[in-house]
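The lines below spell out each chain.
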Amino acid sequence: MHLPDAFLDGRTTLLAAGVAAAGMGIALRQVKASLQPRQVPLLGLAGAFVFAAQMVNFPVPGGTSGHLLGGVLTAILLGPAAAVLVISCVLIVQCLMFADGGLLALGANVFNMGIVSVCGGYATYRLVKNLIPANPHRSIVFAAAFAGWFGTVLASVTCAGQLAFSNTAPWNVTFPAMANIHMLIGVGEGLATGLILLAIARARPELLDETLEPGTNHSGSPVVGLGLLVSVGLALFVAPFACPWPDGLEKVAQQLGFANLLTTRLTGNIPAPMPDYRLPWVGSATIATALAGACGTLLAFFAAYMFARAVVPSAPPAQKG
């Protein structure tokens, strides 16, 4: 769902950038007020995992592929404000380092995947969870799976609206095309979100203790270190073998005939060091993707970590008795 610059006009990119900036400003203010300094590394870990997971495309019926967005999962574990920050950092790294998503369209991508999907999905999660009279962990898993699906579909609808607002394709065509294909992709998002939370519920149930504010029960360098190792391993050994089929937006662009805009419209893209998630100087495509994925995972970790560290006030020095 990463929009390239060529699919949007100047008016839409400016409006989307303004709304995205406002949403990020609200999220940053909430993170600054609520996040503890010891939780900052966890935002870095979330950024690393989401980046690596987004490289693993899975096949969808109809010759399409999808990947985990990760916004709802991050929001459940760390809170929606922190999730907005994490997903935004991932999108910035993807845009600047891998040319995944246009530079001018960055605001639109942050709005769709970093704000709409996160906030809409998290609100759905809270609503569904409170309506399910079941075991707390079971209700969390079911509500998270449904919210992951809903957040993906909701983001696709706003993406369709931006395409229509740019006169790229009519709304009555883009809306059903984007929504239908992302209803299928959202199934994968929901299953992945639910299964990851199920694993967490069994291995570290205290991480889902909702008597605390999101993120306040997450700490410890071993968790961050092991999580970062898993994320790098995912990028190294799984991402190179991801499904090569076009993603949902690419498939819709091909079906509706506006994919040719990539070559006919001027864009704001800048040369990326690792375009298409490959190191250009490595001959083997598999190794090139693996190394680029590992580099991107570490970059996403440091981007989210440093961003959070710059926002969250430092802990006061301990007083000596």
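Each value, and the rule that gives it
Residues numbered from 1 in each chain as written. Predicted model: local features only at pLDDT ≥ 70, side-chain atom pairs only at ≥ 80, totals over all residues. Heavy atoms only, no water. Helix = DSSP H or I, 4+ residues; strand = E, 2+ residues; numbered from the N terminus. Rg over C-alpha atoms; globule rule 2.2 N^0.38 Å. Buried < 20%, exposed > 50% of the residue type's maximum accessible area, 1.4 Å probe, protein only. Contact = heavy atoms within 4.5 Å. Areas by Shrake-Rupley, 256 points an atom, 1.4 Å probe, with all protein chains shown as cover. Salt bridge = Lys/Arg side-chain N within 4 Å of Asp/Glu carboxyl O. Phe/Tyr/Trp six-rings, centres within 6.5 Å; stacked < 30°, edge-to-face > 60°. 1 Å grid on protein atoms, 1.4 Å probe; cavity = no way out; pocket = protein on both sides within 12 Å on 5 of 7 lines; lining within 4 Å. Points joined across faces, edges and corners; volume = space filled by probe spheres on them. Nonpolar A, V, L, I, M, F, W, Y, C, P; charged D, E, K, R; others polar. Core = buried A, V, L, I, M, F, W, Y, C linked by side-chain atoms within 4.5 Å.

Student: Describe the overall build of the protein, and please don't skip the residues or the numbers.
Tutor: Check the secondary structure of the protein and you find eleven helices and two strands. Over its C-alpha trace the protein gives a radius of gyration of 19 Å, about what one expects of a compact globule, namely 20 Å for 321 residues. Looking at the 321 residues of the protein, the share that counts as buried comes to 52%. Residue pairs in contact within the protein that sit at least 24 positions apart in sequence constitute 79% of those at least 6 positions apart. Of the roughly 14400 Å² that the protein leaves accessible, carbon and sulfur atoms contribute 68%.

Student: Please provide a residue-by-residue account of the pattern of salt bridges, values included.
Tutor: Applying the stated criterion to the full structure yields one salt bridge. Between arginine 11 and aspartate 9 there is a salt bridge, with its nearest N and O atoms 3.7 Å apart. Accessibility expressed as a relative area gives 44% for arginine 11, which makes it partly exposed.

Student: Before we move on, could you go through the packing of aromatic side chains and cite the residues and values that matter?
Tutor: If you walk through the whole model with that rule in mind, you get nine aromatic pairs. Their ring planes at 35° and their centres at 5.7 Å tell us that phenylalanine 146 and tryptophan 149 sit as a pair that is tilted. Of this pair, phenylalanine 146 and tryptophan 149 are both found in helix H6 (residues 136–165), three residues apart, which corresponds to roughly one turn of the helix. The class of phenylalanine 146 is partly exposed, set by a relative accessible area of 36%.

Student: Lay out the layout of surface pockets in plain terms, naming residues and giving numbers.
Tutor: Size it by volume and the largest pocket reaches roughly 990 Å³. If you go around the largest pocket, you meet 36 residues; those closest to its centre are Asp100, Asp247, Glu250, Asp276 and Tyr277. Counting residues per element, the ones that place at least two in the lining of the largest pocket are helix H4 (80–98), helix H9 (248–256) and helix H11 (285–311). Top contributing element to the lining of the largest pocket by residue count: H9, with four residues. Of the residues that constitute the lining of the largest pocket, the class distribution is 20 nonpolar, eleven polar and five charged. One number sums up the size of the second largest pocket: a volume of about 620 Å³. Lining the second largest pocket are 23 residues, and of these Leu45, Leu77, Ile200, Val223 and Gly227 lie nearest its centre. Of all the elements in the fold, those that place two or more residues in the lining of the second largest pocket are helix H2 (40–54), helix H3 (71–78), helix H7 (171–203) and helix H8 (221–237).

Student: Pulling in residues and values, what's your account of the nonpolar core?
Tutor: For soluble globular proteins, the rule of thumb is that nonpolar side chains tend to be buried together. If you look at the biggest cluster of nonpolar residues, it comprises 89 residues, and the most contacted ones within it are Leu3, Phe7 and Leu197. Looking at this core, the element that brings in the most residues is H4, giving 13 residues. Other than its neighbours up to four places away in sequence, leucine 197 contacts Leu73, Ile76, Leu77, Ile140, Val141, Ala144 and Leu208.

Student: Just give me the short version of the environment of phenylalanine 302, but keep the residues and values in it.
Tutor: Inspection of the secondary structure puts phenylalanine 302 in helix H11. When the C-alpha positions of phenylalanine 302 and leucine 236 are compared, they lie 18 Å apart, and in sequence the two are 66 residues distant.

Student: Mind laying out empty space enclosed by the protein, listing which residues take part and the relevant values?
Tutor: Applying the stated criterion to the full structure yields two cavities of 30 Å³ or more. Of the pockets and cavities examined, the largest cavity occupies roughly 70 Å³. Looking at the largest cavity, the residues that line it are Met1, Ser65, Gly66, His67, Leu69, Thr152, His182, Ile185, Asp247 and Gly248. Only strand E2 (64–66) and H7 provide two or more residues apiece to the lining of the largest cavity. Looking at the lining of the largest cavity residue by residue, the classes come out as three nonpolar, six polar and one charged.

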